[in-house]
Amino acid sequence: MPSGSQEANVLRTYIETLLELPWKKCSRDNDDIKHAEKILNEDHYGLEQVKERILEYLAVRTLTKKGTSPIICLVGPPGTGKTSIARSVAKALNKKYVRISLGGVRDEAEIRGHRKTYVGAMPGRIVEGLRQAGVSNPLMLLDEIDKVSSDYKGDTSSALLEVLDGEQNVKFRDHYVEAPIDLSQVLFIATANTAQTIPRPLLDRMEVIEVNSYTENEKFHIAKNYLVGKQMERNGLKASQISFSDKSLEKIIHNYTREAGVRNLERRIGDICRKAARKFLEDKKKSIKITESNLEKYLGKEKVTFEDATRRIRWESSGGWHGPAWEETPFR
């Protein structure tokens with residue numbers, strides 16, 4: 001065909017896409033359960049149910065020698081570590097990691113691809129993810145699956161049914177590729193903030209694991225073991241230059257954040273690290289220790305306060321504002 005013709009460019013792009021797809025190429029997975037458990041414990045504090053389910057899946061797959069696996073859906077509030085769990089699983093299993101964000105996707109062609117007769121046609125996100133990974137058995141994260149929508153161009157959640165059904169995805173058909181693609185080797189993990197907005201047929205194909213909110217004790221250990229070091233590195237500080245006392249971390253959690261996850265907690269620690277970095281340059285200080293007493297200098301007044309229930313009861317039983325207990329035991 002003439003090299004300048006439009007049809008030649010379309011066909012050349014199509015053939016290159018077919019050649020780039022990993023039809024038979026697979027990566028070798030790490031089946032060592034002890035190694036996987038070690039990675040998950042290093043990267044995440046708590047979340048025992050999620051870790052147990054991942055390790056159970058790995059044990060069954062090692063015994064059966066089959067690549068087929070259930071689709072896991074992690075449901076929980078923002079900031080509880082759902083996306084980072086998927087990254088750690090890929091690291092533990094030695095799989096390629098591909099993240100597909102589904103938030104706001106409303107066109108069915110985003111999943112199944114466009115017909116190659118259209119101008120500017122391209123494969124869907126699933127096939128594009130396989131091409132990026134370079135292997136046919138990556139870990140594919142379907143992020144924010146509860147936020148897919150639909151319009152006159154088609155229902156995205158219905159297109160995902162074929163992808164997530166273990167009986168159908170052996171011969172998944174992309175409109176652009178027009179050849180059956182085996183998705184049975186792909187480990188799918190989906191994340192969502194709530195299961196209520198996920199269509200029932202789609203939810204039926206996934207195994208839901210609840211990622212609950214963290215307790216204050218869990219947040220303290222996460223901050224001490226992970227977040228402080230992460231923010232120090234991000235702001236160019238060394239361990240010898242800044243230190244956080246246990247009481248200061250507990251006060252940040254109790255009086256400066258109020259959330260299910262740890263995102264705001266990480267932001268507050270980042271605020272302190274930035275102010276400390278400025279002090280090092282301006283005042284030439286050698287080291288800074290963050291304590292419960294000097295925390296207000298860095299974060300300002302407390303954002304969250306709690307009322308003492310026992311003081312409230314004593315106040316009400318003594319006659320409200322005019323009783324003597326009000327003067328002796330004030331409450332906030």
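Basis of the calculations
Residues numbered from 1 in each chain as written. Predicted model: local features only at pLDDT ≥ 70, side-chain atom pairs only at ≥ 80, totals over all residues. Heavy atoms only, no water. Helix = DSSP H or I, 4+ residues; strand = E, 2+ residues; numbered from the N terminus. Contact = heavy atoms within 4.5 Å. 1 Å grid on protein atoms, 1.4 Å probe; cavity = no way out; pocket = protein on both sides within 12 Å on 5 of 7 lines; lining within 4 Å. Points joined across faces, edges and corners; volume = space filled by probe spheres on them. Nonpolar A, V, L, I, M, F, W, Y, C, P; charged D, E, K, R; others polar. Core = buried A, V, L, I, M, F, W, Y, C linked by side-chain atoms within 4.5 Å. Buried < 20%, exposed > 50% of the residue type's maximum accessible area, 1.4 Å probe, protein only. pLDDT = per-residue confidence, 0-100. Pairing = 2+ DSSP bridges. Axes fitted to C-alpha atoms, helices over the stretch in contact; angles between N-to-C directions. Salt bridge = Lys/Arg side-chain N within 4 Å of Asp/Glu carboxyl O.

In this fold, S248 is placed in helix 10 (residues 246–255). Those residues in contact with S248, other than ones at most four positions away along the chain, are I290, T291, E292 and L295.

Taken as a whole, the largest pocket spans an internal volume of roughly 690 Å³. Lining the largest pocket are 25 residues, and of these H44, G81, S84, R87 and K230 lie nearest its centre. For the lining of the largest pocket, the secondary-structure elements that each account for two or more residues are helix 4 (82–93), helix 9 (216–234) and helix 11 (263–283). In terms of residue count, the dominant contributor to the lining of the largest pocket is helix 4 (six residues). Split by residue class, the lining of the largest pocket holds seven nonpolar, nine polar and nine charged.

Okay, the nonpolar core next. Counting residues in hydrophobic clusters, the biggest one holds 49 residues, and the most contacted among them are V89, F244, I269 and I272. In this view, I269 contacts A223, L227, V228, Q231, F244 and L249; residues no more than four positions away in its chain are not counted. Membership of the second largest hydrophobic core comes to 38 residues, among which are L21, I126, L164 and A179.

Now for the confidence of the model for the protein. With 89% of its residues at a pLDDT of 70 or more, the protein has an overall mean of 82. Within the model, pLDDT remains below 50 along residues 323–332, and this stretch shows 20 contacts once partners closer than five positions in the same chain are excluded.

Here the focus is the environment of V304. Among the secondary structure elements, V304 is positioned in the loop between helix 12 (295–299) and helix 13 (309–317). For the pair V304 and N255, spaced 49 residues apart in sequence, the C-alpha to C-alpha distance is 4.7 Å. Discounting chain neighbours no more than four positions away, the residues touching V304 are H254, N255, T257 and R258.

What follows concerns the sheet that holds strand 9 (residues 206–210). The parallel open sheet is built from five strands, whose spatial order is 2-3-8-1-9. Edge positions in the sheet fall to strand 2 (97–101) and strand 9, since each of these pairs with one other strand and no more. Mean inter-strand twist for the sheet, computed between neighbouring axes without regard to direction, equals 25 degrees. Across the sheet, helix 4 touches strand 1 (71–75), strand 2, strand 3 (139–143) and strand 8 (187–192), and the angle it forms with strand 8 is around 165 degrees. Across the sheet, helix 6 (residues 125–133) touches strand 2 and strand 3, and the angle it forms with strand 2 is around 155 degrees.

Glancing now at the pattern of salt bridges. Between side chains of opposite charge, pairing is possible as soon as their charged atoms come close. A complete count under the given rule lists 17 salt bridges for this structure. Of the charged contacts, one joins R125 and E110 as a salt bridge, the two residues approaching to 2.9 Å between their closest N and O atoms. Residue R125 is found in helix 6, and its partner E110 is found in helix 5 (residues 109–112); the two are separated by 15 residues along the sequence. Take R125: its relative accessible area is 29%, and that puts it in the partly exposed class. Residue E110 is classed as partly exposed on the basis of its relative accessible area of 31%. With a closest N to O distance of 2.2 Å, R274 and D271 form a salt bridge. Note that R274 and D271 are positioned in helix 11 at a spacing of three residues, about one turn of the helix. Through salt bridges that share partners, E20, E128 and R131 make up one connected network.

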